[in-house]
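The residues making up each chain are set out below.
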Amino acid sequence: MPPPDKPIRTAGARLRAYFLTGVVVAGPLAITASVTWWFINFVDGWVKPLIPARYLPETYLQTSIPGFGLIVALVGLTTLGFLTANLVGRSMVAFGESLLGRTPVIRGLYKSVKQIFETVFSQSGTSFRTVGLVQFPAKDMWSIVFISTPPQGDVAEKLPGPDEHVAVFLPCTPNPTTGFFFYLPRREVIELTITVDEGAKLIMSAGLIQPEGQKRLAALAAEARKVA
């Protein structure tokens, strides 16, 4: 039998397909560039006022250099980390923390913020490094959660029942920075093998970007780099 004829696409359909293809290609690039530009300007706005005018490039070039503040911040933070790693730096940090610890209001704020930063940026911690499934908001309705550390202290003692509990964060779609935080028995959480990054993309896309598709795209990108 002869192959069926391909459907004839009108000029309007072709233009529509070209337009949608352009949106798919240009949209992510435009959003990425916009967010990157905003972040650079945000850091510059914080750092540049702290730099003496004689050290700013625009003092001599008569034009602003975007990203100069970001570069100074990266170099400064790296240098600070290097200095803090030795004995003298640790002693200075301990002395500064002891002064903050004697300040009534600031000490609570500083300790809370420091604990959050140490938890988020810790390389050995386990918080938000595992993805799971829980029944929410009703039975037989499953939602993606990020599994945190088990409860400790007074919270662990007051939770009812003999079961081991775990803390989970249930992000909302499409903004995963908002959601619900709650404790539940570990046996009610089904752990997944996908990464937190894959889980976040799954949530932000409302299920359109599946982990398997992300892995295939990563494999194609790796193959393209090898060919290049």
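Because the structure is predicted, anything quoted here is derived from the model rather than measured. (Residues numbered from 1 in each chain as written. Predicted model: local features only at pLDDT ≥ 70, side-chain atom pairs only at ≥ 80, totals over all residues. Heavy atoms only, no water.)

**Q** When you look at the pattern of salt bridges in this model, what are you seeing that I'm missing?
**A** Pairing of side chains with opposite charge becomes possible as their charged atoms draw close. Scanning all chains against the criterion turns up six salt bridges. The closest approach of N and O atoms between Asp 154 and Lys 158, which form a salt bridge, is 3.2 Å. Of this pair, Asp 154 and Lys 158 both sit in helix H6 (residues 153-158), four residues apart, which is roughly one turn of the helix. Judged by its relative accessible area of 60%, Lys 158 falls in the exposed class. For the salt bridge of Asp 197 with Lys 201, the shortest nitrogen-to-oxygen distance reads 3.4 Å. On the criterion of helical spacing, the pair formed by Asp 197 and Lys 201 is a turn pair, its members being four residues apart in helix H7 (residues 196-204). For Lys 201, a relative accessible area of 33% gives the class partly exposed. Residues joined in a network through salt bridges with shared partners are Glu 164, Arg 186 and Glu 191. (Salt bridge = Lys/Arg side-chain N within 4 Å of Asp/Glu carboxyl O. Helix = DSSP H or I, 4+ residues; strand = E, 2+ residues; numbered from the N terminus. Buried < 20%, exposed > 50% of the residue type's maximum accessible area, 1.4 Å probe, protein only.)

**Q** Is there a simple way to think about the environment of Tyr 183 in this case?
**A** Along the polypeptide, Tyr 183 turns up in strand E4 (residues 179-185). Each C-alpha atom, one on Tyr 183 and one on Val 155, is 9.6 Å from the other, the two residues being 28 residues apart in sequence. Sequence-distant contacts of Tyr 183, that is, excluding residues within four places in its chain, are made with Pro 151, Val 155, Leu 159, Val 166 and Ala 167. (Contact = heavy atoms within 4.5 Å.)

**Q** Explain the sheet that holds E4 to me, please; I cannot follow it from the model alone.
**A** Through backbone hydrogen bonds, the strands of a sheet pair up, either in parallel or in antiparallel fashion. The sheet built from five strands is open, its strands ordered E4-E3-E2-E1-E5 with antiparallel pairing. Edge strands, defined here as strands with exactly one partner in the open sheet, are E4 and strand E5 (190-191). Bridging between strand E1 (residues 130-135) and E5 involves two bridges; their strand directions are antiparallel. The residue bridging Leu 133 from the neighbouring strand is Ile 190, located in E5. Here H7 sits on the sheet in contact with E1, strand E2 (142-147) and strand E3 (165-171), set at roughly 140 degrees to E2. (Pairing = 2+ DSSP bridges. Axes fitted to C-alpha atoms, helices over the stretch in contact; angles between N-to-C directions.)

**Q** Honestly, the packing of aromatic side chains in this entry has me stumped. Any pointers?
**A** By convention here, two paired aromatic rings are described through the distance between centres and the angle between planes. The final tally for this structure, using the stated rule, is five aromatic pairs. When the ring of Phe 136 is compared with that of Phe 180, the centres are 5.7 Å apart and the planes differ by 50 degrees; the resulting orientation is tilted. With Phe 136 in the loop between E1 and E2 and Phe 180 in strand E4, this pair connects stretches of sequence that are 44 residues apart. Cluster of aromatic residues (ring-pair linked, three or more members): Trp 38, Phe 42 and Trp 46. (Phe/Tyr/Trp six-rings, centres within 6.5 Å; stacked < 30°, edge-to-face > 60°.)

**Q** Please clarify how the packing of helix H1 (residues 11-47) against helix H3 (residues 68-84) should be interpreted in this entry.
**A** Any two packed helices are characterised by the angle at which their axes cross and by the distance between the axes. Contact pair H1 / H3: the axes reach a minimum separation of 7 Å and the direction vectors enclose 70 degrees. As the angle between them shows, H1 and H3 are arranged roughly perpendicular. Residues Phe 39, Ile 40, Val 43, Asp 44 and Val 47 of H1 form the contact with H3, whose own contacting residues are Phe 68, Gly 69, Leu 70, Val 72 and Ala 73. (Parallel < 35°, antiparallel > 145°, perpendicular 65-115°, else oblique.)

**Q** What should I look at first to understand the side chain of Asp 44 in this one?
**A** Its place among the elements puts Asp 44 in helix H1. One buried charged residue, Asp 44, forms no salt bridge at all, with the nearest opposite charge on Lys 48 at 4.4 Å. At a separation of 2.8 Å, a polar atom in the side chain of Asp 44 contacts the main-chain amide nitrogen of Gly 69. (Lys, Arg positive; Asp, Glu negative; His and termini not counted. Polar contact = N/O pair within 3.5 Å; in protein donor to acceptor, adjacent residues only side chain to side chain.)

**Q** Help me out: how do you make sense of the environment of Pro 176 in this one?
**A** Counting through the fold element by element, Pro 176 comes out in the loop between E3 and E4. When the C-alpha atoms of Pro 176 and Gly 199 are compared, they prove to be 10.0 Å apart, with 23 residues separating the residues in sequence.

**Q** Help me out: how do you make sense of the side chain of Ser 205 in this one?
**A** Relative to the elements of secondary structure, Ser 205 occurs in the loop between H7 and helix H8 (211-227). Judged by relative accessible area, which is 14%, Ser 205 ranks as buried. A distance of 3.4 Å separates the side chain of Ser 205 from the backbone oxygen of Leu 202, its partner in a polar contact.

**Q** Would you mind showing me how to read the pairing of E3 here?
**A** Along any regular strand the residues' side chains alternate between the sheet's two faces. Among the seven residues in E3, seven count as buried, and that is most of the element. The pairing of E3 with E4 spans seven bridges and is antiparallel. The residue of E4 that forms the bridge with Pro 171 is Gly 179.

**Q** Is there a simple way to explain the pairing of E1 in this structure?
**A** Inspection of the sheet shows E1 paired to E2 by six bridges, in the antiparallel sense. Residue pairing across strands places Leu 133 opposite Ile 144, the latter belonging to E2. Linking E1 to E2, which pair antiparallel, is a turn of six residues; within it Asp 140 sits at a positive phi near 65 degrees.

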